[in-house]
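Next come the chains, spelled out residue by residue.
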Amino acid sequence: MTRLTVLLALLLSACGSSAVLPAPTIRSVSPREAHVGYPGTVRVTLDVVLPIRVDYSRQEASAGTGVRLWFGAVEAPLREWDAEGTLSADVPQGLGPGAHDIRVVLADGREALREDGFTLTEEVGIDEDGGVEEVPDGGIFVADGGPEFDGGSEPDGGPTPGTPMKEGDITGFEFEVVPEQTRGQPFVVTVRALGPRAAEFEDKLDLVVSKTNGGVSPTSLDMFVAGVCAQSVSVDVQGANVSLTVTDRFGVEGTSNAFKVK
């Protein structure tokens, strides 16, 4: 069963008849966090039932697919809405740092809302003396003439590298664009962790394919190095609008673009 379900709603007369369709819900937002100036797309996946309108005079039917997407109070121009129910959009210009609600409105007025569904963070600054990235407070200790570390307690350096990941350390996962593939033929997917400790991420992720009439092999990604995984996989499915989804042990997800498998 795909995420996008189509319901037949017949227009029987001039007065018409209507069925009450369920409100859509937002399954996932990927990534859930990005920095100001993020160049990639944000994918919002819905569970939604669409009406089909039948024009008897032309003997044709069409699905009502009008949809609009907001980040907080700012509308985002859509790039794509695929048959699996995933909207793709750029982060809208003018969106300020902070947590923003994600709101989707269909043409018939039904809405889906995920409060604080997307967070935009300040971009890391650049030093004026050579373009070196500033180290956030709590990074590597550099002697600068300040109070010396007396050995009595640990410096304020954040989690020690190697400390197990906790909920909130990773906020999402981003796939590089997956092009058209061939059923059963291996191809490489590249996935990046997002969040405060993304550069330390080396955990295993569950991997699933959107189609129910096939599978993906392997069913996990476990070759992360410094928050990035490039791993060979294959899919035993065919058709358009195939997508891959990864999930960590805290339920944080990331979904690829929709691609065709021939």
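Residues numbered from 1 in each chain as written. Predicted model: local features only at pLDDT ≥ 70, side-chain atom pairs only at ≥ 80, totals over all residues. Heavy atoms only, no water.

## Re the pattern of salt bridges
Let me state the cut-off plainly: Only one rule defines a salt bridge in this text: a Lys or Arg side-chain nitrogen within 4 Å of an Asp or Glu carboxyl oxygen. Secondary structure elements follow DSSP: runs of H or I no shorter than four residues count as helices, runs of E no shorter than two count as strands, and numbering proceeds from the N terminus.
As enumerated under the stated definition, the model contains 11 salt bridges in all. Among the salt bridges present, the one from R192 reaches E176, with a minimum N-O distance of 2.8 Å. In this pair, R192 sits in strand 13 (residues 187-194) while E176 sits in the loop between strand 12 (172-175) and strand 13, placing the two residues 16 residues apart along the sequence. Taking the shortest distance from any N to any O, the salt bridge between R249 and D203 comes out at 3.6 Å. Here R249, found in the loop between strand 20 (244-247) and strand 21 (253-255), pairs with D203, found in the loop between strand 13 and strand 14 (205-209); they are 46 residues apart in sequence, far enough to count as distant.

## Comments concerning the side chain of S28
What counts is decided by this rule: Working definition: with a 1.4 Å probe on protein chains only, accessible area under 20% of the residue-type maximum means buried, over 50% means exposed, and in between means partly exposed. By the convention used here, residues are in contact when the closest approach between their heavy atoms is within 4.5 Å.
Looking at where S28 falls in the secondary structure, it is placed in strand 2 (residues 25-30). Residue S28 is classed as buried on the basis of its relative accessible area of 7%. Excluding residues within four positions of it along the chain, S28 makes contact with R43, V44, T45, R114, E253 and T255.

## Let's talk about the sheet that holds strand 3 (residues 33-35)
Put simply, the rule is: We treat two strands as partners when DSSP finds at least two bridges between them. The angle between two axes is taken between their N-to-C directions and runs from 0 to 180 degrees, where each axis is a line fitted to C-alpha atoms and a helix contributes only its stretch in contact.
Ordered by their spatial adjacency, 5 strands build an open sheet running 3-11-10-6-7, and the pairing between neighbours is mixed. With one partner strand each, in any of the chains shown, strand 3 and strand 7 (74-76) form the two edges of the open sheet. Neighbour-to-neighbour, the strand axes of this sheet turn through a mean angle of 35°, independent of strand direction. Pairing geometry for strand 6 (residues 67-71) and strand 10 (residues 98-106), over 5 bridges, is antiparallel. Bridging across to strand 10, V67 finds its partner in L106.

## Focus on the environment of V209
Along the chain, the position of V209 falls in strand 14. Remark: the alpha-carbon pair of V209 and D236, spanning 27 residues in sequence, is separated by 9.2 Å. Setting aside anything within four residues of it in sequence, one finds V209 in contact with G214, G215, V216, V235, V237, V242, S243 and L244.

## Quick word on the nonpolar core
What counts here: Definition used in this section: a nonpolar core is a set of buried Ala, Val, Leu, Ile, Met, Phe, Trp, Tyr and Cys residues joined via side-chain atoms within 4.5 Å.
Residues F173, F187, F201, L221, V235, L244 and V246 are the most contacted members of the largest nonpolar core, which totals 27 residues. Looking at which element gives the most residues to this core, the answer is strand 13, with 4 residues. Grouped together as the second largest cluster of nonpolar side chains are 24 residues, Y38, V42, V44 and V67 included.

## What about the pairing of strand 9 (residues 86-90)?
Counting buried positions along strand 9 yields 4 of 5 residues, so the element is predominantly enclosed. Inspection of the sheet shows strand 8 (residues 78-81) paired to strand 9 by 3 bridges, in the antiparallel sense. Residue pairing in the sheet places E80 in a bridge with S88 of strand 9.

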